[in-house]
Amino acid sequence: MNTRRQPKEGAGPGRSALAAAFTSNTKGGAMIMKSVSIFLASGRRASAQSRDPAGSSNGTAAQPTGGSQQAKEHQGAAAGTGRTTISRDNRRILARMDELNGKLNPKMLEMYKRRTHFSKVEVEALCKIYRKLVANASMNSKALAASNPGVIAKAGSSMDGIDRSVFRELLHSTFDIVTEETLMERIFCAWEKGYEGLPIRLEGWLMGLSTFLKGSQAEKTAFCFRVYDLNSDGFITKDEMFALLRNCLIKQPQDEDPDEGVKDLVEIALRKLDMDKDGKISFQDYQEAIAEEPLLLEAFGQCLPSDRATMSFLSTLQA
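Criteria and cut-off values
Along each chain, residues carry numbers from 1 onward, in the same order as the chain's sequence is written. Only residues with pLDDT of at least 70 get local features here, since the model is predicted, and only at 80 or more are side-chain atom pairs given and counted; chain-wide, interface and lining totals rely on the full set of residues. Each side-chain value is worked out from all heavy atoms of the structure, with water and hydrogens disregarded. UniProt positions are given in the numbering used here, feature names are shortened, and annotations may be inferred rather than shown by experiment. By definition, any uninterrupted DSSP run of H or I lasting at least four residues is a helix, any uninterrupted run of E lasting at least two residues is a strand, and each is numbered from the N terminus. To count as a disulfide, a pair of cysteine sulfur atoms needs to be within 2.5 Å. To sort residues, take the accessible area from a 1.4 Å probe on protein chains only and compare it with the maximum for the residue type: under 20% means buried, over 50% means exposed, and anything in between is partly exposed. Two residues form a contact once any of their heavy atoms are found within 4.5 Å. What we call a nonpolar core is a set of buried Ala, Val, Leu, Ile, Met, Phe, Trp, Tyr and Cys residues that are connected through their side-chain atoms within 4.5 Å. Just to be clear on terms, a salt bridge is a Lys or Arg side-chain nitrogen sitting within 4 Å of an Asp or Glu carboxyl oxygen.

Take the UniProt feature "domain: EF-hand" (unreviewed entry) in the protein next. Mapped onto this structure's residue numbering, the UniProt feature "domain: EF-hand" (unreviewed entry) falls at residues 216-251 and 261-296. Split by type, residues 261-296 is 64% helix and 6% strand. Its first and last C-alpha atoms lie 19 Å apart.

See the structure below:
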């Protein structure tokens, strides 16, 4: 049932995407840095105003009375609260910038180590790769806009995450995923649960790779099911199986009606995977079938890396 194609000759372990990722110069983040600078400047002005003597007139400071002293204390408390709020907001903005750019403080690093199957060294290396991939996507977007005046580059695109084109190239050249466009798109959409079809954020990058490269059988089963469930309704239907198998199979010139062969494969898949015999495959059906026969995990097309590609990629994280 597994319809995985053999990778093209010369594909190798796929280090070209990583090499490109580590050699480009990061140019993104200008828009957010400008916004943060303006925000910090406004905070400094607010702090300076709060320190001005209250009740000054004609350049001469008035002697504090009981009422004016209370007013000054009230103003000082308000200014202190304002500075605390600004400082807290600044920290949030800077933390968000660090996340988008793949930079992690020690607490975040420890958190991602606990939530994934990676070591601290591997998490740090993956963050560096993320930064480079996002920077590459930004430069590609700007180059496209420069060569095509009708195309407008999206402002701050370098902060959005890893887009489809970069992700597909990574799958093909780094992880030996050689499959058709529909399945490539589904892998991208299923990568980060809850953010289907959106550019991949740092958190999604790390969590997705944890499953992709080091996931347990249960994690990989859930991921593959999301890929094959084309309309995300919780079932793999006959139509979805037909579309997946039809696109993955190589048609032979002598085949008079290749669709008939695909229909036969759909029926075989149902017999193997439809455990409750209701004519469609639920997640529970899929789980039970994979537990009995793990080779059925990628029955409808390749959506996980080869062992060779996995070992090659993980070895680069230790360098």
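Text resumes after the structure shown.
Let us look at the state of the cysteines. What the rule picks out here adds up to 0 disulfides. There is no disulfide at C224, and the cysteine sulfur nearest it, in C303, is 3.4 Å away. The class for C224 is buried, based on a relative accessible area of 0%. Of the residues examined, C303 reaches a relative accessible area of 0% and is grouped as buried.

Before going further, it helps to spend a moment on the environment of T211. Structurally, T211 is set in helix α8 (residues 202-214). Judged by relative accessible area, T211 falls into the buried class, the value being 16%. It is 7.8 Å that separates the C-alpha atoms of T211 and F223, two residues lying 12 residues apart in sequence. Not counting residues up to four positions away in its chain, the partners in contact with T211 are E219, K220 and F223.

What follows deals with the nonpolar core. By size, the foremost hydrophobic cluster in this structure holds 61 residues, and its most contacted members are W205, F212, Y228 and F300. At 9 residues, helix α5 (residues 120-147) tops the list of elements feeding residues into this core. When neighbours within four sequence positions are excluded, F212 is seen to be in contact with L171, F175, I177, W191, K220, F223, C303, L304 and P305.

A complete count under the given rule lists 12 salt bridges for this structure. The partner of K120 in a salt bridge is E110, and the shortest N-O contact between them spans 3.1 Å. Taken together, the residues K120 in helix α5 and E110 in helix α4 (residues 106-115) connect sequence positions 10 residues apart. Judged by its relative accessible area of 37%, K120 falls in the partly exposed class. Linking E260 and K263 is a salt bridge whose minimum nitrogen-to-oxygen distance equals 3.6 Å. Placement of both E260 and K263 in helix α11 (residues 258-273) is noted, with a separation of 3 residues, approximately one turn of the helix. What makes E260 partly exposed here is its relative accessible area of 38%.

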